[in-house]
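# Notes for the structure review
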Amino acid sequence: ELALKSLGNEGLFLFSSLDTNNDLYLSPEEFKPIAEKLTGVAPVSEFEEEETPDPSGETLSIVAKFQPLVMETMTKSKDGFLGISHVALSGLRNWTAAAAPMSVMLARQFKAFLPPKNKLHLGDPWWIIPSELNIFTGYLSNNRFYPPPPKGKEIIIHKLLSMFHPRPFVKTRFAPQGAVACIQAISTFYYTIAFRIHAEFQLNEPPDFPFWFSPGQFTGHIILSKDSSHVREFKLFVPNNRSLNVDMEWLYGASESSNMEVDIGYLPQMELESTGPSIPSVIHDENGNVIDSRDPSGEPIQFVFEEITWQQEIPWEEAAQKLEVAMYPFKKVSYLPFTQAFERAKAEKKLVHSILLWGALDDHKPLSASLPLPGSGRTLRETVLESSPILTLLNESFISSWSLVKELEELQTNRENEFYSKLADLHLEKYNFPVEMIICLPNGTVIHHINANYFLDITSMKPEDVESSIFSFSNNFEDPSTATYLQFLKEGLQRAKPYLQT
């Protein structure tokens, strides 16, 4: 109360965003973002001081390619952003180019991507930055402007993402956080490492309120020597193959419980790529003498690199799938694209288990997860969809798929394929915001469906209070959510028997 009286609502809001341990005192470490902002000087971190560059070490040139969010893809654009202040979106509108179009980094800084000694098999994932959040720990505060200082392996990720925007958070507010990697190819001296990173950006600064910009994921690969002295190739990017790939949230008040606006949109391009292999910063002749990096005519010396012969490798798609399952155990069940799921179901004479969402199910924080609603993709994927009984039944008896509402709306209006249009139409008829779980026949006929909000409402009730026999609780499972979802799937199978037997 005294702090509120002294600072007022907005002053206390800013103070709280810096006071990370909530002790009502700002330590030098907590005050550092403001000091850096006022002085314009950022001290070198302890980690980087320890990493004194080897004068003969190699350097890697990286370019950033960035096309800003297409504002017309935001849901709020349909009514001309009615009721949304210009200030709230200022950080988004002003972000039109990469903060650093090019950067030169030390090859050895990329050693963070090397595998630990117990993860040397193809496709065996490990965590570069472990996820510290789950369904039980909740999520981190929305009321923050400045990222905490990165430590250890976070430093290279932070440095790379800072090429896009000066305020990247390498640990997201929602699970699954972090960065995961696996070996995609092995040669005598090199690895190809595939990786996936969940990170987000804070686009606003005081006195404006926070605006969170959360790409679905960053993915990519690096080819580097086993001693990290040489990087042959590096690429990191936000996938742009779906119609929506970014979640946005912004606060409208000076407290954690203030109203929050949410939206989704499409980002055409956000990528980093090396311009070529890393090269020595200092060149020596055969006698060990330093020589000029340019030839007598003034042209840079051209380096010739040996061709890498890979002894073992797996396709990119397989590596990406391994990383996805590491981030999301529910992906132990294959979730096929919408139309492909129905084709597979017809061929295998199985039912389609379909999840229809406003925001994505397998990006790091689907939009519905941030809404003040219990029915969210995040809750589903971190509880019932990860449980062993559900995984087993889905693999045995269903073909699974998840889709964005927007994608099905586009498919619905596509008259080139009437069957696909009809499938989308039957799904959208049953959809209620934010998430609908649907069981249907291979011809698209919906035989059972339940809204995630209703599902989570009834699973939070006491068993004796649930009247519906369809969603009765089983004594075999302690978790009512798992028991109820299992019952939902079994009921779908029961209703489909007459159709599947013909």
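With an unreviewed UniProt entry as reference, the protein chain is termed SELN protein, source organism Ardeotis kori.

### Describing the pairing of strand E21 (residues 435-440)
In summary, the side chains of a regular strand alternate between the two faces of the sheet. The buried fraction of E21 is high, at six of six residues. With burial as the criterion, each face of E21 is covered, one bearing Val435, Met437 and Ile439 and the other bearing Glu436, Ile438 and Cys440. Sheet topology note: the strand E19 (residues 351-357)/E21 ladder contains six bridges and is antiparallel. When the sheet's bridge partners are listed, Ser354 is paired in E21 with Ile438. Here five bridges tie E21 to strand E22 (residues 446-451), and the two strands are oriented antiparallel to one another.

### Some details on the environment of Gly216
Structurally, Gly216 is set in the loop between strand E8 (211-215) and strand E9 (218-225). Separated by 23 residues in the primary sequence, Gly216 and Pro239 place their C-alpha atoms 8.0 Å from one another.

### A closer look at the pattern of salt bridges
Applying the stated criterion across every chain yields a total of 15 salt bridges. The partner of Glu132 in a salt bridge is Lys171, with the nearest N and O atoms 2.8 Å apart. Residue Glu132 is found in the loop between strand E3 (126-129) and helix H5 (154-161), and its partner Lys171 is found in the loop between strand E4 (168-169) and strand E5 (178-186); the two are separated by 39 residues along the sequence. Residue class for Glu132 comes out exposed when judged on its relative accessible area of 52%. Residues Glu249 and Arg173 are paired through a salt bridge, measuring 2.6 Å at the closest nitrogen-oxygen approach. Here Glu249 is found in strand E11 (residues 246-251), whereas its partner Arg173 is found in the loop between E4 and E5, with 76 residues between them in sequence. Each of Glu132, Glu154 and Lys171 takes part in salt bridges that share partners, so that together they form one network.

Criteria and cut-off values
- Residues numbered from 1 in each chain as written.
- Predicted model: local features only at pLDDT ≥ 70, side-chain atom pairs only at ≥ 80, totals over all residues.
- Heavy atoms only, no water.
- Buried < 20%, exposed > 50% of the residue type's maximum accessible area, 1.4 Å probe, protein only.
- Helix = DSSP H or I, 4+ residues; strand = E, 2+ residues; numbered from the N terminus.
- Pairing = 2+ DSSP bridges.
- Salt bridge = Lys/Arg side-chain N within 4 Å of Asp/Glu carboxyl O.

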